[in-house]
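For reference, the chains in residue letters:
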Amino acid sequence: MNIAVAQSGGPTCAINASLLGVFREGYKNSEIDAIFGSINGIEGMIEDNLINLKSIIRTSEDLELLRQTPSTVLGSCRYKLPDVDENSEVYEKIAKCFEKHMIDIFIYIGGNDSMDTVVKLSKYFEIKKLPYRVIGVPKTIDNDLPITDHTPGFGSAAKYVATTVHEIIRDSSVYSIDSITIIEIMGRHAGWLTASTCVLRAIGEEVPHLIYLPETDFDIDRFIEDIQREQAKHQAIIVAVSEGVDLSSIEGVQTDAMAGVDAFGHKFQNGVGKALEHIVSERIGCKVRSVELNVMQRCSSHLLSKTDIEEAEAIGSAGLRAALEGNTGKMMYFQRISDSPYETVIRMTDASNCANFEKKFPTKWINDSKNNVTDDAIDYFLPLIQGDINFITQNGLPRHFTGLKRS
Ligand code: F6P
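Basis of the calculations
- Residues numbered from 1 in each chain as written.
- Predicted model: local features only at pLDDT ≥ 70, side-chain atom pairs only at ≥ 80, totals over all residues.
- Heavy atoms only, no water.
- Salt bridge = Lys/Arg side-chain N within 4 Å of Asp/Glu carboxyl O.
- Helix = DSSP H or I, 4+ residues; strand = E, 2+ residues; numbered from the N terminus.
- Buried < 20%, exposed > 50% of the residue type's maximum accessible area, 1.4 Å probe, protein only.
- Expected span 1.5 Å × (residues − 1).
- Contact = heavy atoms within 4.5 Å.
- Core = buried A, V, L, I, M, F, W, Y, C linked by side-chain atoms within 4.5 Å.
- Arc of directions from axis to C-beta.
- Near = heavy atom within 4 Å.
- Polar contact = N/O pair within 3.5 Å; in protein donor to acceptor, adjacent residues only side chain to side chain.
- Areas by Shrake-Rupley, 256 points an atom, 1.4 Å probe, with all protein chains shown as cover.
- Phe/Tyr/Trp six-rings, centres within 6.5 Å; stacked < 30°, edge-to-face > 60°.
- Patch = residues over 30% accessible without salt bridge, like charges linked within 9 Å, V, L, I, M, F, W, Y side chains within 5 Å.
- Pairing = 2+ DSSP bridges.

**Student:** Explanation requested: the pattern of salt bridges in the structure shown.
**Tutor:** Pairing is possible between side chains that carry opposite charge, provided their charged atoms lie close to one another. Taken as a whole, this structure holds 21 salt bridges when the rule is applied. With its nearest N and O atoms 3.1 Å apart, the salt bridge here joins lysine 306 to glutamate 310. Of the two residues, lysine 306 and glutamate 310 are both situated in helix H11 (residues 306–324); the distance of four residues between them amounts to about one turn of the helix. According to the relative accessible area criterion, lysine 306 is partly exposed, its value standing at 35%. For glutamate 310, a relative accessible area of 45% gives the class partly exposed. One salt-bridge network, held together by shared partners, links Arg24, Glu64, Arg67 and Glu313.

In structure tokens form, the structure reads like this:
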């Protein structure tokens, strides 16, 4: 039998480790002949654009490089499958691709939108009485998938973001003048990644002094007052703001750098930090700088969390094992057994429990003033950023897997 695997949605630093997990599991299973990579997520299955992974992942060094390479080596997509009654043609094309390449199993590594594909496709195969199995493997730096304790990719992103905020406080406190640095952090509608900057408290830092999440209402006057209160205590203020914080009630503020939405109706986010920089500059008047971490937070692989990468690989392997056992329409997930010692187990749930739902940062971990998170959140985040990876380097630079060159 043959299997196919694809990556979908926003890239992470761990999504190739999950691909590696699928590949390794497939390789050691004598039932499996070819392991196909579908290029650009489900689009590759629709357009019959597949590559035999065994032809590009050839050496043990390739395996190591895959683990340390950020982003999706198979490309990605934000493609929403239409409802089957609306357009069955696209499903027929996918089924044809399965048939042509004798594919029995499709592993889809993605976030909540990608689980929508797992649900729709597995239902279609069931209705058509086709024997194909579809399993979802979670990933997203947003950490907003329901059911799972956390998502692969999040731990490495959190480690990068916290490390960068830590470095920024050193840089911003060199002068004797007052300063405010506003750091915009990804997460679309969920504040997990922004909140995770609280881990700096575990090494004795008081930064970020203020944290704003999309889970609470944002009030610009309260925001200015919060900063002024912090200024009475510190000369250099660090503020972490989620890209999903809603500034729409502030007159004259335009935050969407690019107008428009993706196929799932998600607005392109960014610009919150810059917008706040202008307002704070005008209303407080000291030196204000905004820093948008942008794609660096999901592709900065020089600060990988070993825990994250190992878990990402393990859940990829578990996904294939689940499919081989006959499951379909499921998503693999982590259940946390304990924070310390950190222990998780991998389980399986119906992908429909996760498709299109967003798990928000818990309000119980947001302080009463809605401008920071509580210490309890630190225990949740800390295990996810632990451990480092030894890199294969060349001329002082980490190498990447480039077996499938993409322009
Ligand atoms: O997939 C998650 C994410 O990285 C979000 O944090 C961010 O808002 C979004 O993707 C950006 O997506 P894109 O790069 O497709 O614009």
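The structure having been displayed, the exposition proceeds.
**Student:** For this particular structure, what's the right way to read helix H6 (residues 154–172)?
**Tutor:** One turn of the α-helix equals 3.6 residues, which is why residues spaced by three or four share an orientation. Helix length check: H6, at 19 residues, gives a terminal C-alpha distance of 26 Å against a target of 27 Å (1.5 Å per residue), a fit within 8%. With respect to burial, H6 is a largely interior element, 14 of its 19 residues being buried.

**Student:** What should I look at first to understand the side chain of threonine 117 in this one?
**Tutor:** Relative to the helices and strands, threonine 117 resides in helix H5 (residues 112–127). On the basis of relative accessibility, which here comes to 1%, the residue threonine 117 falls in the buried class. With residues near it in sequence (within four places) discarded, threonine 117 still touches Ile42, Tyr79, Leu81 and Tyr108.

**Student:** Quick question: what am I supposed to make of the nonpolar core here?
**Tutor:** Among the nonpolar cores identified, the biggest contains 36 residues, and Trp192, Leu193, Phe361, Val373 and Phe381 are the most heavily contacted of them. Contributing elements (two or more residues each) for this core: H6, strand E6 (179–185), helix H7 (192–195), strand E8 (236–242) and helix H12 (376–381). For this core, the element with the most residues is H6, which contributes nine residues.

**Student:** Would you mind showing me how to read helix H4 (residues 89–100) here?
**Tutor:** Compared with the 16 Å implied by 1.5 Å per residue over 12 residues, the 16 Å span of H4 between its first and last C-alpha is a close match. Buried residues of H4: Val90, Tyr91, Ile94, Ala95, Cys97 and Phe98, and no others. The buried residues of H4 all sit within an arc of 155° when viewed along its axis, so they share a single face. Opposite its buried face, H4 presents the exposed residues Lys96, Glu99 and Lys100, each directed more than 90 degrees away. The inward-facing, buried residues of H4 abut helix H2 (42–46), strand E3 (50–52), strand E4 (103–110) and H5.

**Student:** When you look at the site of the ligand in this model, what are you seeing that I'm missing?
**Tutor:** Every residue lining the ligand is accounted for by Gly10, Arg78, Ile141, Asp142, Met186, Gly187, Arg188, Glu243 and Arg298. Take glycine 187: an N or O atom from its main chain is 3.3 Å from an oxygen atom of the ligand. Between glutamate 243 and the ligand, the recorded distance is 2.6 Å, taken from a side-chain N or O atom to an oxygen atom. In isolation the ligand exposes 400 Å². Once the protein is present, 79% of that is buried.

**Student:** What is the right way to look at the packing of aromatic side chains in this model?
**Tutor:** Taken as a whole and assessed by the stated rule, the structure comprises 19 aromatic pairs. On the basis of an interplanar angle of 35° and a centroid distance of 5.0 Å, the ring pair of tyrosine 91 and tyrosine 124 is categorised as tilted. Linking tyrosine 91 in helix H4 with tyrosine 124 in helix H5, this pair joins segments that are 33 residues apart in sequence. A single burial state applies to tyrosine 91 and to tyrosine 124, both of which are buried. Considering the side-chain rings of phenylalanine 154 and phenylalanine 381, the 5.9 Å spacing of their centres and the 40° angle between planes classify their relative orientation as tilted.

**Student:** Is there a simple way to think about a nonpolar patch on the surface in this case?
**Tutor:** Together, Val174, Tyr175 and Ile177 make up an exposed nonpolar region whose accessible area comes to about 320 Å². Within the secondary structure layout, isoleucine 177 lies in the loop between H6 and E6. Judged by relative accessible area, which is 43%, isoleucine 177 ranks as partly exposed.

**Student:** Just to check I follow, could you spell out the pairing of E6 for this structure?
**Tutor:** Regular strands place their side chains on alternate faces of the sheet. Of all seven residues making up E6, seven are buried, and the element is well covered by its neighbours. The pairing of E6 with E8 spans seven bridges and is parallel. Paired with isoleucine 180 across the strands is isoleucine 237, a residue of E8. Of the strand pairs in this sheet, E6 and strand E9 (residues 287–292) are connected by six bridges, and their pairing is parallel. Note on E9: the bridge partner recorded for threonine 181 is arginine 289.

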